[in-house]
Amino acid sequence: MWNQTKITELFGIKYPILLGPMGGGFSTPELLAAVSNAGGLGSFGAYTLTPQEIREADKAIRRLTDKPYNFNLWVSDVDERLTDYSVKKLEQVKQQFKPYFDELSIPMPDLSTDIPSKFESQVEVIFEIKPTVFSFIFGAPSSEILRECKRLNIRTVGAATTLDEALLLEEAGVDALVAAGFEAGGHRPSFLRSPQESFTGLFALLQQLKSKIKIPIIAAGGISNGKGIAAAFNLGADAVQLGTAFVACEECNATATHRAKLFSDESRYTVVSKSLTGRMGRMIKNRIADEIPFEQEVLPFPLHTKLLAPLKKAALEQGKTDLVNFWAGQHAQSFIHRNAAGLMESLVQEASILLA
């Protein structure tokens, strides 16, 4: 049976279909529960949340499902170059973005470079709430954290964009890997080399990993239907992870504008850019990504996100959506489902036919 894999056994789920753990406010308990209740693994992206907010989200999740689920954090949630970042550089970058603020008739925000990492305090809450799965991107947690997860029977999942990253994560002792292909929407979770040096497509990456990696592999990037699931499984994946297809569903906390764009012709045109958040990610083509060249310096993450947060809010309010980053993978053209339970049912049915 196609749905009986190392991942379903490891996580205690019925179908090897995972919800991509979308951070930045996109995740909701309702979306997670819809996927988990349908037999997959629901996920919650929590990297922006305080420890107390993670506790509150977990309580809401447990009211909606008693099935396994995943919490996701960022090992590196603050760029190292933010340390001692000069005021001069900060002001120079702000001036480069000032024309967009002027266009919307809003002031530029006052910014502080004092942004501490949340990761260590967030992990303490993971130990407290004990989700079935703890996944992470942008690196590997310390050996102490991974040992404690094993002691608490929390399954661990890292994300790799290259074979070298996968080998490092396997050596660190994670239970499973996400193979994060170049096609995926959202931030590129590369951590050993720069994202632009880690642009491996999913199918090539899967085959590289299968030749060297012994732990289970979850395929992610450009998968949106049963055909994508079947293709990933035929190349050796033990499970798949979908993000953009679930962003299009009503249970996601994406804006109505974002969802509408995923069902429009605009979703055909995606770009990778660091100009909207400070870290490279795949999104629907927009004016800022077009006009700010890759070589141009932007603020370290998450300082750059704080710079553009008021711009994004005002642009949405004023209908200037060409100034907003709408995350999307490379295969959003075939979306038909606007409900997570309906999407899960379709994925299972189509995969069951193709992998029979």
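In this text, all values refer to a predicted model and were calculated from it rather than measured experimentally.

Let's shift gears to the sheet that holds strand S10 (residues 270–273). Reading across the sheet, the 3 strands line up as S7-S11-S10 and stay open at both edges, with antiparallel pairing between neighbours. With partners counted over all chains shown, the strands left at the sheet margins are strand S7 (186–187) and S10, one partner each.

As for its placement among the helices and strands, Asp79 is situated in the loop between strand S3 (69–74) and helix H4 (87–103). Taking the relative accessible area as the measure of exposure, Asp79 reaches 14% and is therefore buried. Residues within four places of Asp79 in sequence aside, it is in contact with Gly278, Arg279, Pro300 and Phe301.

The next subject is the state of the cysteines. Within this structure, the stated rule accounts for 0 disulfides. Between Cys249, a cysteine without a disulfide, and Cys252, which holds the nearest cysteine sulfur, the sulfur-to-sulfur distance is 8.1 Å.

The next subject is empty space enclosed by the protein. Using the criterion set out here, one finds 1 cavity of 30 Å³ or more in the structure. In this model, the largest cavity occupies a volume close to 40 Å³. Every residue along the wall of the largest cavity is listed here: Phe11, Leu18, Leu41, Asn70, Val133, Ser135, Val157, Val178, Ile218 and Gln241.

Closest axis-to-axis distance for the helix H3 (residues 51–64)/helix H5 (residues 119–129) pair is 9 Å, and the angle between their directions is 30°. In terms of axis orientation, H3 runs roughly parallel to H5. For the crossing formed where H3 meets H5, the hand is right-handed. For the pair formed by H3 and H5, the contact residues are Pro51, Ile54, Arg55, Asp58 and Arg62 on the first element and Ser121, Gln122, Val125, Glu128 and Ile129 on the second.

One open sheet holds the 8 strands; their spatial order is S1-S9-S8-S6-S5-S4-S3-S2, and the pairing between them is parallel. Every other strand in the sheet has two partners, leaving strand S1 (17–19) and strand S2 (42–45) as the edge strands with one partner each. Taking the axes of each pair of neighbouring strands and ignoring which way they run, one obtains an average angle of 25° across the sheet. Across 4 bridges, strand S4 (residues 133–137) lies against strand S5 (residues 155–160) in parallel orientation. Across the sheet, residue Ser135 finds its bridge partner in S5, namely Val157. The strands touched by helix H9 (residues 226–234) are S1, strand S8 (217–220) and strand S9 (239–242); relative to S9, the strand with the most contacts, the crossing angle is about 140°.

Cut-offs applied
Residues numbered from 1 in each chain as written. Predicted model: local features only at pLDDT ≥ 70, side-chain atom pairs only at ≥ 80, totals over all residues. Heavy atoms only, no water. Pairing = 2+ DSSP bridges. Helix = DSSP H or I, 4+ residues; strand = E, 2+ residues; numbered from the N terminus. Buried < 20%, exposed > 50% of the residue type's maximum accessible area, 1.4 Å probe, protein only. Contact = heavy atoms within 4.5 Å. Disulfide = S-S within 2.5 Å. 1 Å grid on protein atoms, 1.4 Å probe; cavity = no way out; pocket = protein on both sides within 12 Å on 5 of 7 lines; lining within 4 Å. Points joined across faces, edges and corners; volume = space filled by probe spheres on them. Axes fitted to C-alpha atoms, helices over the stretch in contact; angles between N-to-C directions. Parallel < 35°, antiparallel > 145°, perpendicular 65-115°, else oblique. Left-handed = near helix turned anticlockwise from the far one by under 90°.

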